[in-house]
Amino acid sequence: MPTRPAAAPKSGIGDDAIFELRWERAKDDLHAPLSRLYGKVVPVDNLMDRVRMLLRRQWMARPADLRLLDLKRDIDPDWFQSSRMAGYVFYADRFGGTLKGVGDRIPYLRDLGVTYAHFMPCLMPRPGDSDGGYAVMDYTRIDPKLGTMADFKRLTKKMRAAGISPCIDMVLNHTAREHDWAERARAGDSFYQEFYRLYDEPEIPLAFEKTLLEVFPEQAPGNFTYDETMGKWVWTTFNTFQWDLNWENPEVFLAILEVILTLANAGAEVLRLDAVAFMWKRMGTVCQNEPEVHDILQALNQAASVAAAATIFKAEAIVGPDQLVPYLGTGRHTGKVCNLAYHNSLMVQFWSALASRETHLMTDVLKRHFPDRFVGAEWATYIRCHDDIGWAITEEDAERHGVTGPGHRKFLSDFYAGRFENSFARGADFQVNEATGDARTNGSFASLAGLEDAIEKKDADAIYRAIARITLGHALIAGFGGIPLVYMGDELGLLNDATFRNDPDLAGDGRWMQRPRMDWGLATDAPESDAPHGRIYRAVRHILATRAACPELGGKTASQVIETGHGRLFCVLRPGTDVATWIVANMSEEEQIIARDALGLPAGPVPLDALTGLQPHLAGDAIVVPALTCLWLRHPLW
């Protein structure tokens, strides 16, 4: 008689045990920053108890499928560093109309090669001007014009099934003036008045103003606003209707952590933490990038790793090169703060090199200021986004290359506003600082790259060059290292949109010119069309597909900027375990030649270009790099 197989022993590991294991893993790295932040304000052990109770409550409310995803991410914590990761960034209403409409467009994203979808601000904003959705009135509700939180949960589940990780914005520095916390503060609730930076008299605000910078000097000068209802001065870094939170108050930390975990439980796998550089204030400074900011980010990250282990954080810190690296973890914060940060300097240096046709500054800045890899973190690389371009080029860096900081920044703002002789760009100034002469720049990728000007002039050669610049940019961000982010419509070459001026809620913010609505007519025929939008779409799709097949282009592989001495080429080595890839980008309109030795290529046949499958042209033993082209020279290491 056959013997019945013995039943497998039960592990005895349930939800409680998993929670405790994660708490033990994170608690030391959570306790340390909370002690530094709040140890002089409250007993830290009591604060830790409150955090633990909050985490446990959110963990018990976490849906079963997300708990399974947590376990998968525990096993593969570097999932986001795969070369298969590619991002797409969009305003939901401009992409799909509603959240349901976005769900209908998932096949488009999959065909393009997208595995990470960033919904631009979709939480409930204040009425009227909301700074593009970054003045949030209610963190727990979706903007009614897009749908409901139930719609959002259904959409994120649908995206997970399609292999796409949803990302949404979480504004950390401020709330809308109409947020419930602010309304309670205005009504005299002392508990909620402590949530904000409020002052009875102007003396302290005036003392802070002596060293503060202005983010929007044209539309919102100064950093403080007098609220007549309270009879107090309110810290408003960005706009009068955006009230800065008081992160010195541990109750703010607890309230924001609750929101973050609620959004994670709704299916957000990535939280883009907005305006993080401004969170901590210190008299006598510009109140940006203070050390406490990194303690806050570490505490949020480590707390979330207990109750929502699948969720990662992306820092929106558009700051100078020296201030940017700590957002991915350095020193005592290594591997413990944000998992992603925007590589603002790569974007700035790309546009600088395109305008000057010169790469020495680009090579120097990106090699000297940035490590070649991080622990448990990587860049989000991009060429354009919804925002303006701030020309973050320091005096020191500029002077190392024979120009002045103000002079080079003015050259770039003039060039991309189309004022510089023979400029191909069609952009516009944004927030001109009359005192310094600095100006930021607006414009879509395609218009800044010359496509708008070329189409208007019906110049076929200029159209070809503009498409080449757009393709070059996408190949650079996909090969450099990090998750490449494609802003909605850039894969179709959408141009500047002037219609925003007809909307009174948008007209005062010039950034809407680079936020056109998706053109689904162009998107539908792009796979076959020989028009510019079709050529650009197929190029971007091919770049992302090729990247996905090259593991060494993922975020765990070093990005080693190569000093070749060549002033027209920007070169990076990606030394994988089995294959090494050399990224060679020609930023000029003429073909360039570079010796193999300058790149450090090994002896033997010249590697194939992964993007074309062909060997590059040679001039003797040197490599010919076509104008406005990025080569991916891929060489096996065995």
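In case you missed it, the structure is sitting above this.
Residues numbered from 1 in each chain as written. Predicted model: local features only at pLDDT ≥ 70, side-chain atom pairs only at ≥ 80, totals over all residues. Heavy atoms only, no water.

A. Structural view of the overall build of the protein. Along the protein, the regular secondary structure elements total 23 helices and 25 strands. Over its C-alpha atoms the protein spans a radius of gyration of 25 Å, differing by no more than 12% from the 26 Å that the globule rule assigns to 638 residues. Classification of the 638 residues of the protein by burial places 60% in the buried group. Taking the intrachain contacts of the protein between residues at least 6 apart in sequence as the baseline, contacts between residues at least 24 apart amount to 71%. If you sum the accessible surface of the protein, you get close to 24900 Å²; carbon and sulfur atoms cover 53% of it. Here the protein contributes 68 positively and 85 negatively charged side chains, and the mean placements of these two sets differ by 6 Å. (Helix = DSSP H or I, 4+ residues; strand = E, 2+ residues; numbered from the N terminus. Rg over C-alpha atoms; globule rule 2.2 N^0.38 Å. Buried < 20%, exposed > 50% of the residue type's maximum accessible area, 1.4 Å probe, protein only. Contact = heavy atoms within 4.5 Å. Areas by Shrake-Rupley, 256 points an atom, 1.4 Å probe, with all protein chains shown as cover. Lys, Arg positive; Asp, Glu negative; His and termini not counted. Charge placed at Lys NZ, Arg CZ, Asp CG, Glu CD.)

B. Region of the structure containing the pattern of salt bridges. For the coordinates displayed, the defined rule picks out 51 salt bridges. Put simply, D65 and R160 hold a salt bridge, and the shortest N to O gap is 2.5 Å. Highlighted residues: D65 in helix α3 (residues 64–75) and R160 in helix α7 (residues 149–161), separated in sequence by 95 residues. The class of D65 is partly exposed, set by a relative accessible area of 29%. For R368, the salt bridge identified is with D364, shortest N-O distance 3.2 Å. Here the residue R368 and the residue D364 both occupy positions in helix α15 (residues 360–368), the gap between them amounting to 4 residues, near one helical turn. Salt bridges here are not isolated pairs; linked through shared partners, they connect D364, R368, E396, D397 and R400. (Salt bridge = Lys/Arg side-chain N within 4 Å of Asp/Glu carboxyl O.)

C. Molecular detail of the side chain of D70. Within the secondary structure, D70 is located in helix α3. According to the relative accessible area criterion, D70 is buried, its value standing at 0%. Separated by 2.8 Å, the side chain of D70 and the backbone nitrogen of A310 make a polar contact. Apart from the residues within four sequence positions on either side, D70 is in contact with R22, W59, R62, A307, A308, A309 and A310. (Polar contact = N/O pair within 3.5 Å; in protein donor to acceptor, adjacent residues only side chain to side chain.)

D. Focus on the nonpolar core. Among the nonpolar cores identified, the biggest contains 196 residues, and Y88, L172, W247, W351 and Y416 are the most heavily contacted of them. Take this core: its biggest share by element is 12 residues, from helix α20 (residues 460–480). Discounting residues that sit within four places of it in the chain, L172 has contacts with L245, W247, I256, I260, L273, D274, V276, M279, L297 and L300. If you look at the next biggest cluster of nonpolar residues, it comprises 15 residues, including C571, A580, V625 and L631. (Core = buried A, V, L, I, M, F, W, Y, C linked by side-chain atoms within 4.5 Å.)

E. Region of the structure containing the packing of helix α1 (residues 15–38) against α3. Contact geometry for α1 and α3: axes closest at 13 Å, N-to-C directions at 45°. In terms of axis orientation, α1 runs oblique to α3. At the point where α1 passes α3, the crossing takes the left-handed sense. Of the residues in α3, those in contact with D15, I18, R22 and R25 of α1 are R67, D70, L71 and D74. Here the contact of α1 with α3 is built from residues that sort into 2 nonpolar, no polar and 6 charged. (Axes fitted to C-alpha atoms, helices over the stretch in contact; angles between N-to-C directions. Parallel < 35°, antiparallel > 145°, perpendicular 65-115°, else oblique. Left-handed = near helix turned anticlockwise from the far one by under 90°. Nonpolar A, V, L, I, M, F, W, Y, C, P; charged D, E, K, R; others polar.)

F. Representation of the sheet that holds strand β7 (residues 198–199) within the structure. Taking strand neighbours across the sheet as the criterion, the 3 strands line up as β7-β9-β8 in an open arrangement whose pairing is antiparallel. Both edges of this open sheet fall to β7 and β8 (224–227), since each of them pairs with a single strand only. (Pairing = 2+ DSSP bridges.)

G. View of the layout of surface pockets. The volume enclosed by the second largest pocket comes to roughly 650 Å³. Along the wall of the second largest pocket there are 26 residues; nearest its centre are T471, D609, T612, T629 and C630. The biggest single contributor to the lining of the second largest pocket is α20, with 7 residues. Of the residues contributing to the lining of the second largest pocket, the split by class is 16 nonpolar, 6 polar and 4 charged. (1 Å grid on protein atoms, 1.4 Å probe; cavity = no way out; pocket = protein on both sides within 12 Å on 5 of 7 lines; lining within 4 Å. Points joined across faces, edges and corners; volume = space filled by probe spheres on them.)

H. Structural context of empty space enclosed by the protein. Taken as a whole and assessed by the stated rule, the structure comprises 2 cavities of 30 Å³ or more. Taken as a whole, the largest cavity spans an internal volume of roughly 60 Å³. Lining the largest cavity, in full, are L212, L213, V215, N223, W235, T237, F278, K281, V286, C287 and Q288. The residue makeup of the lining of the largest cavity, split by class, is 7 nonpolar, 3 polar and 1 charged. In this structure, the second largest cavity encloses a volume near 40 Å³. Lining the second largest cavity are H474, I477, A478, P484, V486, V540, I543 and L544. The set of elements that each furnish at least two residues to the lining of the second largest cavity consists of α20, β17 (483–487) and α22 (532–548). In terms of residue class, the lining of the second largest cavity is built from 7 nonpolar, 1 polar and no charged.

I. Here's a closer look at the pairing of strand β11 (residues 270–274). The buried count for β11 comes to 5 of 5 residues, which makes it a mostly enclosed element. Side-chain alternation along β11 places V270, R272 and D274 on one buried face and L271 and L273 on a second face that is also buried. Where strand β5 (residues 165–171) meets β11, 5 bridges bridge the pair, whose relative direction is parallel. Opposite M170, over in β11, you have L273 as the bridge partner. Pairing geometry for β11 and strand β12 (residues 312–315), over 4 bridges, is parallel. When the bridges of β12 are listed, V270 appears paired with I312. For the segment spanning β11, helix α12 (residues 291–307) and β12, crossover handedness is right-handed. (Right-handed = clockwise from strand over helix to strand, strands pointing away.)

J. How the structure looks around α20. Helix length check: α20, at 21 residues, gives a terminal C-alpha distance of 30 Å against a target of 30 Å (1.5 Å per residue), a fit within 8%. Here α20 lies mainly inside the structure; 16 of its 21 residues are buried. A positive phi of about 130° marks G481, the residue just after α20. (Expected span 1.5 Å × (residues − 1).)

K. Region of the structure containing helix α2 (residues 44–60). Between its terminal C-alpha atoms α2 stretches 24 Å, which fits the 24 Å expected from 17 residues at 1.5 Å a residue. V44, L47, M48, V51, L54, L55, Q58 and W59 are the residues of α2 that are buried. Burial along α2 is one-sided: seen end-on, the buried residues are contained in an arc of 135°. For α2, exposure combined with an orientation more than 90 degrees from the buried face picks out D45 and M53. Residues of α2 that are buried sit in contact with α1, α3, α11 (250–265) and α12. (Arc of directions from axis to C-beta.)

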